[in-house]
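What the coordinates show
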Amino acid sequence: MSYRRIRWIYQVGFFGLFVFLLVAGAMGLAERYATELFLDMSVLAGLATVITQHNLMAGMFLGVLIAAATLFVGRFFCGWVCPMGACQQLGAYVFEGKDRKDRYTRNSFSRWQRVKYAVLAVFVLAAVFGVVLAGLLDPIALITRFGVTVVRPFVDLVGQDGATQTVAFDAAVATGVIFVAAFLMNLVQPRFWCRTICPLGAMLGLFSLRPVFRMVRDEQQCIRCGRCTEECQGACEPDKALVPSECVMCMNCIDVCPTRAIAFKATRRLEDEAAAQTWRGAWVSRRQFIAAAVGGLASVAVLRNWRNILGRGYPKRIRPPGSLDEEDFLARCIRCGACMNVCPTNVIQPSGGETDAEGLWTPVLKMRYGYCEYECVKCSQVCPTGAIQKIGIEQKHEEGFAHIGTAFVDRGRCLPWSFGKECLVCQEVCPVSPKAIYFQAATYLDAEGQSVEMKVPYIRAEQCIGCGACEYHCPVQDKAAIRITSIGEHRSQDRKLLL
């Protein structure tokens, strides 16, 4: 069996495992299966966490093992394990040209492949100053977010045959555009994302600058036919002086070589010429480095300035129970969407206007989509970086983590207060005991001048936890008559109800 076919089997197997874990999380099986497995493999997310928070979640040590293995065998993760890499491999196969000369040119090393190292530099510099942007383009976070916010809503909508209640995520369009664009760019260059953009691939490329095992070409057996470069998925030029940092271990060169001149084996100390070639893929010019540094520092300056100006506001920025305070939360969250995937009521959504630019696509609770289930802590169990702390149900309530906001009654829209119509829905669905919503009798004159007695709702602030059940079930269409804001949330001392 050829190496290519073996690799395909592994790629399909790992991609199938990735899909299975996503489905398991959506079906509420996160406690039974390690649904965050692939997110734990991201060395980039692990590095960002270490830089910003100076510690690493236990599960993310899996990424450390992958980085260590990369030192020995190169970027095997990109070519054999990564689900985003598998999608790029499919795109390269679909858009593969037939002209041999064109294929040789498209699969030869290009200076544009150094762009990903500049992207990595921007993310690292931003993380040094406490701004985590890595999750925007981290391939594992991106494909997870795509599966959660684009594929799952579509499948739910089709599967429910037009049912009115389905999963809906506001970031679906933006995430879908990024993913589809990355796939279609294979028309320009095979595995365009992996070669040119991927910051995780850049990091693994740095670890594989001089691997112990690599592709080695026997000069005496080589007939310079160029077949290896025609089929090369990493554009690492195996027919010349191989660029190890670009090799994704596709093994195509071994399979197609007519003279068996290429083999994967341990190498002795590289010759001077080959050693110089080692840095060719990862070498960033002074101009590129300065541009990356300016980009990273500019992003920090802009985002931090917006946070300082607007940070105390955003009453709709309601975070899941167990979330760290806002600054630490933003320093950890990689916007992967894992918490959204396991939420049984669909209340956790990617943020848009609820936060500043730094918080784009981070999870917030939108109570018109759902509500925070009183006996649920699933989102805290799957967060790979600890932005949402792992808590139990008893801990959630006894230590106050359940208090994520406070309900307020809009009397101008409330049926009893403004329209003289009886309604007890908000109190009926309130899960706490004693109820955070109570009714008092109020007497007023109707349009005909008749005295009318009506029960109207009031909020018992010390009991309200901001779960959003009242807002979600409020029968008033459009904007609910009772709404949750983040005021009074447990995680923040400056968001108290009273100054």
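Now for a quick tour of the structure. (Residues numbered from 1 in each chain as written. Predicted model: local features only at pLDDT ≥ 70, side-chain atom pairs only at ≥ 80, totals over all residues. Heavy atoms only, no water.)

1. Quick word on helix α8 (residues 115-128)
For α8, with 14 residues, the first-to-last C-alpha span of 20 Å sits near the 20 Å given by 1.5 Å per residue. Taken together, the buried positions of α8 are occupied by K116, Y117, A118, V119, L120, V122, F123, A126 and A127. Where α8 terminates, the next one or two residues include G130, which has phi positive at roughly 85°. (Helix = DSSP H or I, 4+ residues; strand = E, 2+ residues; numbered from the N terminus. Expected span 1.5 Å × (residues − 1). Buried < 20%, exposed > 50% of the residue type's maximum accessible area, 1.4 Å probe, protein only.)

2. Considering the environment of V476
Tracing the sequence through the fold places V476 in the loop between α23 (469-473) and β8 (482-485). Along the primary structure V476 and L415 are separated by 61 residues, whereas in three dimensions their C-alpha atoms are 7.7 Å apart. Discounting chain neighbours no more than four positions away, the residues touching V476 are R368, R413, L415 and A481. (Contact = heavy atoms within 4.5 Å.)

3. Some details on helix α4 (residues 61-73)
Counted at 1.5 Å a residue, the expected span for α4 with its 13 residues is 18 Å, and the 19 Å between its end C-alpha atoms agrees. If you check which residues of α4 are buried, you get G63, I66, A67 and T70. The buried side chains of α4 occupy one side of the element, clustering within an arc of 100° when seen end-on. Residue G74 follows α4 closely and has a positive phi angle near 85°. (Arc of directions from axis to C-beta.)

4. Focus: the packing of helix α1 (residues 3-26) against helix α9 (residues 139-159)
The description of two packed helices rests on the angle between their axes and on the distance between the axes. Contact pair α1 / α9: the axes reach a minimum separation of 11 Å and the direction vectors enclose 55°. Considering the angle they form, α1 stands oblique to α9. Crossing of α1 against α9: the hand is right-handed. Counted together, F15, F18, L22 and A26 of α1 and I143, T144, G147, V148 and R152 of α9 form the full contact between these two elements. (Axes fitted to C-alpha atoms, helices over the stretch in contact; angles between N-to-C directions. Parallel < 35°, antiparallel > 145°, perpendicular 65-115°, else oblique. Left-handed = near helix turned anticlockwise from the far one by under 90°.)

5. What about a nonpolar patch on the surface?
On the surface, L71, F72, F207, V212 and F213 cluster together to form a nonpolar patch covering roughly 410 Å² of accessible area. Locating V212 in the fold gives a position in the loop between α12 (199-207) and β1 (213-217). (Patch = residues over 30% accessible without salt bridge, like charges linked within 9 Å, V, L, I, M, F, W, Y side chains within 5 Å. Areas by Shrake-Rupley, 256 points an atom, 1.4 Å probe, with all protein chains shown as cover. Salt bridge = Lys/Arg side-chain N within 4 Å of Asp/Glu carboxyl O.)

6. Section: the packing of aromatic side chains
Enumeration over the complete set of coordinates arrives at 11 aromatic pairs. Seen in terms of ring centroids, F18 and F38 are 5.5 Å apart; in terms of plane orientation they differ by 85°. Their pairing is edge-to-face. Residue F18 is located in helix α1, and its partner F38 is located in helix α2 (residues 37-40); the two are separated by 20 residues in the primary sequence. Given the relative accessible area of 5%, F18 is considered buried. A relative accessible area of 2% means that F38 is categorised as buried. Here the aromatic rings of Y438 and Y458 are separated by 5.8 Å at their centres, their planes lie at 20°, and the arrangement is stacked. Of this pair, Y438 sits in strand β6 (residues 437-445) while Y458 sits in strand β7 (residues 451-459), and the two are 20 residues apart along the sequence. (Phe/Tyr/Trp six-rings, centres within 6.5 Å; stacked < 30°, edge-to-face > 60°.)

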